[in-house]
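# Residue-level structure breakdown
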Amino acid sequence: MLTGKQFKRAFISGANNILNHRKDVDALNVFPVPDGDTGTNMSMTSSAAVRELQVVSDDEDLSIVAAKTAAALLRGARGNSGVILSLVFRGISNGFKGKKEVGGKDLAAALTLGKESAYKAVMKPKEGTILTVAKGISRKAEELAETTEDLEVFIPEVIKYAEEVLAQT
């Protein structure tokens, strides 16, 4: 089961990863607009949420941690990629509403809501972007949710598939 504490720690770890690799992501950023700031914007956006999560108790329910993450991301959103990232997490937060912890099926449903939230907000979605990766993640998560609730199997498989989708973009 995914708890608020695990979600918080995973988000902070991911934000640190983006921060450490922001220049690499900036260099990849050539589509749909070659402005070269996607990594920087995502790093700044996720850092805003990290600052708020650092004071959230490890005992908080998943729904509270996810809601605080989504709100902080929206307030700290920078550039298109930051706004899209915040929308993905708004959808995920909606999927976790009222839940203390979740298993594979609820996580898959939340990831799908995250993808849908982001796609709805973009007037002309472009494949080959963060949206494509979000779609791949949600599709793989839904597929896995049919066969396992074990997040130690589920999450690494979703991450592996996300890396495959990213490599194709």
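Residues numbered from 1 in each chain as written. Predicted model: local features only at pLDDT ≥ 70, side-chain atom pairs only at ≥ 80, totals over all residues. Heavy atoms only, no water.

## Focus on helix α1 (residues 4-20)
- Here α1 spans 24 Å end to end across 17 residues, near enough to the 24 Å set by a 1.5 Å rise per residue.
- What α1 keeps buried is the set G4, F7, K8, F11, I12 and A15. Buried residues of α1 fall within an arc of 130° about the axis and therefore sit on the same side. For α1, exposure combined with an orientation more than 90 degrees from the buried face picks out R9 and N20.
- Contacts made by the buried residues of α1 are with β1 (2-3), α3 (38-53), α4 (62-76) and α5 (79-95). (Helix = DSSP H or I, 4+ residues; strand = E, 2+ residues; numbered from the N terminus. Expected span 1.5 Å × (residues − 1). Buried < 20%, exposed > 50% of the residue type's maximum accessible area, 1.4 Å probe, protein only. Arc of directions from axis to C-beta. Contact = heavy atoms within 4.5 Å.)

## Some details on the pattern of salt bridges
- Going through the model one piece at a time under the given rule, you end up with five salt bridges.
- The shortest N-O distance in the salt bridge between D58 and R9 comes to 3.6 Å. Here R9 lies in helix α1 and D58 lies in the loop between α3 and α4, a separation of 49 residues in the sequence.
- Taking the shortest distance from any N to any O, the salt bridge between D61 and K100 comes out at 3.6 Å. Residue D61 is located in the loop between α3 and α4, and its partner K100 is located in the loop between α5 and β2 (101-102); the two are separated by 39 residues in the primary sequence.
- Within this structure, K8, R9 and D58 form a network of salt bridges that share partners. (Salt bridge = Lys/Arg side-chain N within 4 Å of Asp/Glu carboxyl O.)

## Observations regarding the side chain of T69
- By secondary structure assignment, the location of T69 is in helix α4.
- Other than its neighbours up to four places away in sequence, T69 contacts F7, F11, A49, L53 and F89.

## Concerning the nonpolar core
- Within the largest apolar cluster, 37 residues are counted, with the highest numbers of intra-cluster contacts made by F7, F96 and F154.
- Of all the elements in the fold, those that place two or more residues in this core are α1, α3, α4, α5, α6 (104-121), α7 (130-145) and α8 (151-168).
- Excluding residues that lie within four positions of it along the chain, F96 makes contacts with L2, F7, L62, S63, A66, V102, D106, L107 and A110. (Core = buried A, V, L, I, M, F, W, Y, C linked by side-chain atoms within 4.5 Å.)

## Focus: the environment of S63
- Take S63: it is sitting in helix α4.
- Exposure remark for S63: the relative accessible area of 12% places this residue in the buried category.
- Residues S63 and S93, spaced 30 residues apart in sequence, show a C-alpha to C-alpha distance of 6.6 Å.
- For S63, the contacting residues outside a window of four places in its chain are F96, K97, G98 and K99.

## Side note on the environment of K5
- Relative to the assigned elements, K5 resides in helix α1.
- Once the C-alpha coordinates of K5 and S46 are considered, the two residues, 41 residues apart in sequence, prove to be 17 Å apart.
- Not counting chain neighbours up to four residues away, the residues in contact with K5 comprise D58 and E60.

## A few points about the side chain of T148
- Relative to the elements of secondary structure, T148 occurs in the loop between α7 and α8.
- A relative accessible area of 15% means that T148 is categorised as buried.
- Polar contacts involving the side chain of T148 include one to the main-chain amide nitrogen of D150, which spans 2.9 Å.
- Other than its neighbours up to four places away in sequence, T148 contacts G104, V153 and F154. (Polar contact = N/O pair within 3.5 Å; in protein donor to acceptor, adjacent residues only side chain to side chain.)

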